[in-house]
Amino acid sequence: QGEREILCGLDLAVPRGRIVAIVGPSGAGKSCVLKSVNRLLAREAGVRTSGEALLDGVPLWGIEADDLSVRRRSGTVFREPDVLPTSVRDNVVLPLLLDGIRQESVLEEALEQALRETLLWKPLRDRVLEPAARFPPGVRARLNLARALVGKPEILLLDEPCALLDPASTELFEQVVLGLAGRCTVLFATHNLAQASRVSQRLALLWEGRIEEYGPTHRVFQKPIRGITED
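Criteria and thresholds
Residues numbered from 1 in each chain as written. Predicted model: local features only at pLDDT ≥ 70, side-chain atom pairs only at ≥ 80, totals over all residues. Heavy atoms only, no water. Core = buried A, V, L, I, M, F, W, Y, C linked by side-chain atoms within 4.5 Å. Buried < 20%, exposed > 50% of the residue type's maximum accessible area, 1.4 Å probe, protein only. Helix = DSSP H or I, 4+ residues; strand = E, 2+ residues; numbered from the N terminus. Contact = heavy atoms within 4.5 Å. Pairing = 2+ DSSP bridges. Axes fitted to C-alpha atoms, helices over the stretch in contact; angles between N-to-C directions. Salt bridge = Lys/Arg side-chain N within 4 Å of Asp/Glu carboxyl O. Parallel < 35°, antiparallel > 145°, perpendicular 65-115°, else oblique. Left-handed = near helix turned anticlockwise from the far one by under 90°. Polar contact = N/O pair within 3.5 Å; in protein donor to acceptor, adjacent residues only side chain to side chain.

**Focus: the nonpolar core**
Item 1. Counting 20 residues, the largest nonpolar core has Val88, Val92, Leu115, Leu124 and Leu143 as its most contacted members.
Item 2. For this core, the secondary structure elements donating two or more residues are helix H3 (88–98), helix H4 (104–117), helix H5 (121–124) and helix H6 (137–150).
Item 3. Ranked by the residues each element gives to this core, the list is headed by H4, at five residues.
Item 4. What Leu115 contacts, discounting residues up to four positions off in sequence, is Val92, Leu120, Trp121, Val128 and Leu143.

**Structural notes on the sheet that holds strand E6 (residues 185–189)**
Item 1. Spatial ordering of the open sheet is given by E4-E5-E6-E1-E7-E8, a layout of six strands whose pairing is mixed. Two strands close off the open sheet at either side, each with one partner strand: strand E4 (74–77) and strand E8 (210–216). Neighbour-to-neighbour, the strand axes of the sheet open up by a mean angle of 15°, direction not taken into account.
Item 2. When strand E7 (residues 202–207) meets E8, the two strands line up antiparallel, connected through six bridges. Considered in E8, the bridge of Ala204 is made with Tyr214.
Item 3. Sheet strands touched by H6: E4 and strand E5 (155–159). Its angle to E4, the strand with the most contacts, is close to 170°.

**Quick word on the environment of Ala28**
Item 1. Relative to the elements of secondary structure, Ala28 occurs in the loop between strand E1 (19–23) and helix H1 (30–37).
Item 2. By relative accessible area, Ala28 is classed as buried at 2%.
Item 3. For the pair Ala28 and Ile211, spaced 183 residues apart in sequence, the C-alpha to C-alpha distance is 9.6 Å.
Item 4. Filtering out sequence-adjacent residues up to four positions away, Ala28 remains in contact with Ile6, Leu206, Trp207, Glu208 and Gly209.

**Digging into the pattern of salt bridges**
Item 1. Applying the stated criterion to the full structure yields 13 salt bridges.
Item 2. Across the pair Glu174 and Arg198 runs a salt bridge whose closest N-O atoms are separated by 2.7 Å. Here the residue Glu174 occupies a position in helix H7 (residues 167–178), and Arg198 occupies one in helix H8 (residues 193–199), the gap between them amounting to 24 residues.
Item 3. Each of Arg89, Asp90, Glu104 and Glu108 takes part in a single network of salt bridges with overlapping partners.

**Brief notes about the packing of H4 against H6**
If you want to describe how two helices pack, look at the angle between their axes and the distance between the axes.
Item 1. At a minimum axis separation of 9 Å, H4 and H6 run at an interaxial angle of 125°. With respect to their mutual orientation, H4 and H6 come out oblique. Note on packing geometry: the crossing formed by H4 with H6 is right-handed. Where H4 abuts H6, its residues Ala110, Ala114, Leu115 and Glu117 lie against Leu143, Ala146, Leu149 and Val150.

**Description of H3**
Residues spaced three or four apart along an α-helix face the same direction, because each turn holds 3.6 residues.
Item 1. Every buried residue belonging to H3 is among Val88, Arg89, Asn91, Val92, Val93 and Leu96, and all of these are buried.
Item 2. On the buried face of H3, the contacting elements are H4, H5 and H6.
Item 3. Two residues or fewer after H3 comes Gly100, characterised by a positive phi angle close to 90°.

**Let's talk about the side chain of Glu130**
Item 1. Mapped onto the fold, Glu130 is located in the loop between H5 and H6.
Item 2. Polar contacts involving the side chain of Glu130 include one to the side chain of Arg127, which spans 3.0 Å.
Item 3. A polar side-chain atom of Glu130 sits 3.3 Å from a polar atom in the side chain of Arg134.
Item 4. The residues touching Glu130, leaving out its near neighbours within four places in the chain, are Thr86, Ser87, Val88 and Phe135.

**Side note on unusual backbone geometry**
Item 1. One non-glycine residue, Lys152, adopts positive backbone phi at about 55°.
Item 2. You can see Lys152 is positioned in the loop between H6 and E5.
Item 3. With relative accessibility at 59%, the residue Lys152 sits in the exposed group.
Item 4. Its identity as a non-glycine residue notwithstanding, Glu208 has a phi of 55°, on the positive side.

Written out as structure tokens, the structure reads:
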């Protein structure tokens with residue numbers, strides 16, 4: 001961006017269906033890695049890229065890249081548990097509405113499935129027409145996760161989604177993410193090392209825009225190869 005290198009020589013292969021945590025200090029480039037996958041980085045002024053990023057062999061950057069198709073294949077949940085100023089139902093099924101789906105039975109089935117996946121069906125099944133903003137942050141964070149999942153993304157991008165949540169809400173969010181293993185590829189950026197150890201199968205340490213270490217989570221925690229990782 002401008003004359004500053006944000007990500008440098010990044011080489012990262014994410015296995016299908018695995019949960020991969022990205023850890024590192026503030027400013028290391030964790031959010032930029034996620035924005036490189038969903039192409040939100042392309043909207044930022046002055047950004048220049050080189051190299052190659054592929055999602056199941058399809059280029060995410062370059063003249064062949066298509067914003068709409070890329071975003072349909074990915075889902076993103078951000079740090080702030082903000083929701084749209086609409087009902088629970090319309091928050092969750094928004095991606096389907098944007099795709100032109102209007103058949104009520106399809107929308108209701110997708111809504112129920114997404115709420116079940118995020119452990120929200122029982123508490124919200126009779127409240128789906130209420131404003132989503134009425135609910136506490138932990139519920140709103142999982143509503144955002146439900147919206148990200150309703151389109152059945154190939155890859156789910158989580159950018160510190162529990163940073164503003166209490167421990168009980170964090171535990172529920174992590175429980176949902178763990179249930180996605182094997183069904184959806186997850187890139188989970190977090191400052192919380194304990195969280196990374198709980199939810200991820202592979203761990204990447206990002207430091208000043210570079211991957212310093214990457215491997216199975218238990219190995220990186222117990223027997224780090226790089227001194228900077230151990231520190």
